[in-house]
Amino acid sequence: MEVWRINLRAQTLQKETPPEAWQRIGGRGLLARILLDEVPPLCDPYGPHNKLIFAPGLLVGHMLSSLDRISIGAKSPLTGGVKEANAGGSTGLHLVNLGIHSLILEDRPDSDAWWVLHLSKEGARFDPASDVVGLGVYDSAKKLLERYGKDVAIALIGPAGEMRLTGAGIMNLDKDRVPARIAARGGLGALMGSRRLKAIVIDDRGGEKAPIADPAAFRAAQKEYNKALQAHPQTKVYTDFGTIAVGRLCQTFGALPVRNFSAGQLMDLEPVSAEHMRNLLLERDGEANPSHACMRGCTIRSSNVFAGPDGKATVSPLEYETVGLMGMNLGITDLDVIARLNAKTNDLGLDTIDTGAALGVAMEAGLAAFGDGEGAMRLLQEIEKGTPLGRILGMGAAITGKVLGVERVPVVKNQAISAYDPRSIKGTGVTYATSPQGADHTAGLTIRAKIDHLSPKGQKEVSRIAQINMAGYDTLGACIFAGFGFSTAPHLIRDLLNARYGWQVGEDILQVLGRETLKLEVEFNRRAGFTAADNRLPEWMTREALPPTNAVFDVPEEDLDTIFDW
Amino acid sequence: MQLVVYLHTLLQKQTPSGPQSRVQVDLPEGSSIAELMRLLEIDMDPEHLLLVVNGKVVEPQHALRPGDEVHLVPAISGG
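Residues numbered from 1 in each chain as written. Chains lettered and ligands numbered in written order. Predicted model: local features only at pLDDT ≥ 70, side-chain atom pairs only at ≥ 80, totals over all residues. Heavy atoms only, no water.

Novice: Lay out the side chain of Thr428 of chain A with the relevant residues and their values.
Specialist: With respect to the element layout, Thr428 of chain A can be found in helix H17 (residues 426–434). Classification of Thr428 of chain A by relative accessible area gives buried; the value is 0%. (Helix = DSSP H or I, 4+ residues; strand = E, 2+ residues; numbered from the N terminus. Buried < 20%, exposed > 50% of the residue type's maximum accessible area, 1.4 Å probe, protein only.)

Novice: Before we move on, can you summarise the side chain of Asp68 of chain B with the specific residues and values?
Specialist: Residues and elements named next belong to chain B. The topology assignment puts Asp68 in the loop between strand E6 (56–57) and strand E7 (69–74). It is Arg65 that comes nearest to the buried, bridge-free Asp68 among opposite-charge side chains, at 5.2 Å. Setting aside residues no more than four positions away along its own chain, Asp68 makes contact with Leu3, Val4, Val53 and Asn54. (Lys, Arg positive; Asp, Glu negative; His and termini not counted. Salt bridge = Lys/Arg side-chain N within 4 Å of Asp/Glu carboxyl O. Contact = heavy atoms within 4.5 Å.)

Novice: How would you sum up the sheet that holds strand E5 (residues 82–87) of chain A? Please name residues and give values.
Specialist: Residues and elements named next belong to chain A. Pairing in this open sheet of six strands is mixed, and the strands run E2-E1-E6-E3-E4-E5 from one edge to the other. Since the sheet does not close on itself, it has two edges, and those belong to strand E2 (12–16) and E5, each with one partner. Strand-to-strand twist of the sheet, defined as the mean angle between neighbouring strand axes without regard to direction, takes the value 20°. Pairing of strand E1 (residues 2–7) with strand E6 (residues 100–106), which is carried by six bridges, proceeds in the parallel orientation. Across the sheet, Trp4 pairs through a bridge with Leu103, a residue of E6. (Pairing = 2+ DSSP bridges. Axes fitted to C-alpha atoms, helices over the stretch in contact; angles between N-to-C directions.)

Novice: Describe the packing of helix H18 (residues 459–476) of chain A against helix H21 (residues 509–527) of chain A, and please don't skip the residues or the numbers.
Specialist: All names here are of chain A. Running from N to C, H18 and H21 cross one another at 95°; their axes reach a closest spacing of 7 Å. Here H18 is positioned roughly perpendicular relative to H21, judged by the angle of their axes. For the pair H18 and H21, the contacting residues are Gln467, Ile468, Asn469, Ala471, Gly472, Tyr473, Thr475 and Leu476 in the first and Leu510, Gln511, Leu513, Gly514, Arg515, Thr517 and Leu518 in the second. For the contact of H18 with H21, the class distribution of residues is seven nonpolar, seven polar and one charged. (Parallel < 35°, antiparallel > 145°, perpendicular 65-115°, else oblique. Nonpolar A, V, L, I, M, F, W, Y, C, P; charged D, E, K, R; others polar.)

Novice: How would you explain the interface of chain A and chain B if you had to name every residue and give the values?
Specialist: On the side of chain B, 25 residues touch chain A, which itself brings 32 residues to the contact. When the two sides are added together, the surface that chain A and chain B hide from each other amounts to roughly 2,400 Å², 66% of it contributed by carbon and sulfur. Per-residue buried area on chain A facing chain B is highest for Thr252, Arg448 and Lys450 of chain A; these three make up 25% of the total on that side. Across the contact surface, chain A and chain B share one salt bridge. For Glu47 of chain B, the salt bridge identified is with Lys450 of chain A, shortest N-O distance 4.0 Å. Where chain A packs against chain B, one counts three residue pairs in polar contact (both at pLDDT 80 or more). Contributing elements (two or more residues each) for the side of chain A that touches chain B: helix H8 (233–241), helix H9 (246–253), helix H10 (274–284) and helix H11 (320–325) of chain A. Per-element accounting of the side of chain A that touches chain B gives the leading share, seven residues, to H8 of chain A. (Buried area = accessible area lost by both parts, 1.4 Å probe. Polar contact = N/O pair within 3.5 Å; in protein donor to acceptor, adjacent residues only side chain to side chain.)

Novice: Tell me about the domain arrangement of chain A, residues and numbers included.
Specialist: Residue and element names in this part refer to chain A. On domain assignment, one finds that chain A holds domain 1 (2–202) and domain 2 (224–561). Relative placement of domain 1 and domain 2: their C-alpha centres are 22 Å apart. Contact with domain 1, which involves 65 residues of that partner, is made by 69 residues of domain 2. Summed over both sides, the interface between domain 1 and domain 2 buries roughly 5,600 Å², with carbon and sulfur atoms accounting for 59% of that surface. (Domains from an automatic or database assignment.)

Novice: Which residues make up the packing of aromatic side chains, and what are the values?
Specialist: Residues and elements named next belong to chain A. All chains considered together, the criterion is met by nine aromatic pairs over all chains. With a centroid separation of 5.4 Å and an interplanar angle of 20°, the aromatic rings of Tyr238 and Phe484 are classed as stacked. Residue Tyr238 is found in helix H8, and its partner Phe484 is found in helix H19 (residues 483–488); the two are separated by 246 residues along the sequence. On the accessibility criterion, Tyr238 (0% relative accessible area) is buried. (Phe/Tyr/Trp six-rings, centres within 6.5 Å; stacked < 30°, edge-to-face > 60°.)

Dropping the structure here:
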């Protein structure tokens, strides 16, 4: 496996053997390591010293169920700190098939021309992107697939990335060639746009599967892992209902994001419940599918294809976070309307969480009424047209709140809070506040913890455990939901890594990787100038009681400041 | 005592008019969640469930009181 280092100014590729310190870490942890080693933490995120890095997780490349995720990172244009955003789909698998340990994109071009970076066994080449620049994500992907063949993987940006809006992510093709697997958070699409890079096409023809040191041991561990995953009752919940199933639990805890985080419960959850969505998709049939896999080999199939009444796909997937931020948060509970907003946001190449949060703030400022789906669509069209208002919204909730003079802005480190109100699930609030990534539920959600979520006590501990485990999974290339299989058989992570690489790691390797990753990330942010003030929820959440629990965020500041002292 | 019980996702009751996620039950006062689960013929290991009464996570031995709102949630760890 090699490091592919590409200079975007000179348009050259240099292949290198990874240094020793990069060989025993992957995905999110590897990104943090490379950033610390090569990117000046005080640099301008758009300047020539920042680097856009693709790092497959340690177990990517074998079509293990839910274990082929790609981590993409840089110094974040949104948070100004360390950034990793990961996605399913096919990008990770194709990179590994080409023998790419990590892809480092350096410097930036001199001219205004847009490019497609093409990677294959022959190396790297830059093709003009003039026919796709300005197009939405769906049309861009279609044209690129026509040009490069249906079997390539593609990572691309939409118009929002081209405009350098910090709500922009990097979209990836799923196994069915749908470009909706977004490395969403932290404005990585804006960074890619600043590099005049519309797309990266990865053609793995002639590539080889990643080497396995002990194939028999790997196969045995894989078999056991699949069995454990299938036996776990949670797998069936996600297969049948998908991520939206967590909505009713959030309703129970009073932790839904309702009307710009002004309430924690809906009067009526049913129109946006998992049970309703499943029934709807089964009734509509056609292209509708409640159990869809985004990666080859995935047996959980928590994704879905949401179709309209005519059975034609509106968007795939429609996930809980989007229903939360672009639905409940906007006072919208019609799944068809939310799906259309989701599709438009995808086409622009934007993060639905930050964009949904920005629209919620805009509604609070009176730019549209809560519940007005057409108004929400009009605001997205402002982004599409690149009007000054659209550009403000596309920068995300933090900028939108500042410009519109709204105090109730749900962000940490400028990144929007996801669909769990931290006043009613305080451990997740600790994660939002302290994660080096900024507010991000995937950095350590605590909703599953058997704890009083309203008490300030014990939240630091549950958040720390969740953050360590999630940083570990992100380093393996694992989907969050792969964790069910591993939770009942943690030795399998050890066995898979030892068989794949010929290592002798112990059963605690997940936590070892997780702690190492967090340590590197915290250090990058420290050098980038972050202080305790950055590790706080917005102050209004410590004062404004959330109905109906009437909770405020009251976890002691000392707990936030000591979470990584272990 | 009368209780309202919400059965999430896989635990919905299959009825001729479709799956039901909200049921009303009659139980002796002080009955535990474990007893409620027996009444509803739910044989899932409580370890794989989140048991929530009036918005708080409880143990299977938790004694129920009239008017409680009970949620039985098959394991789910986020979205």
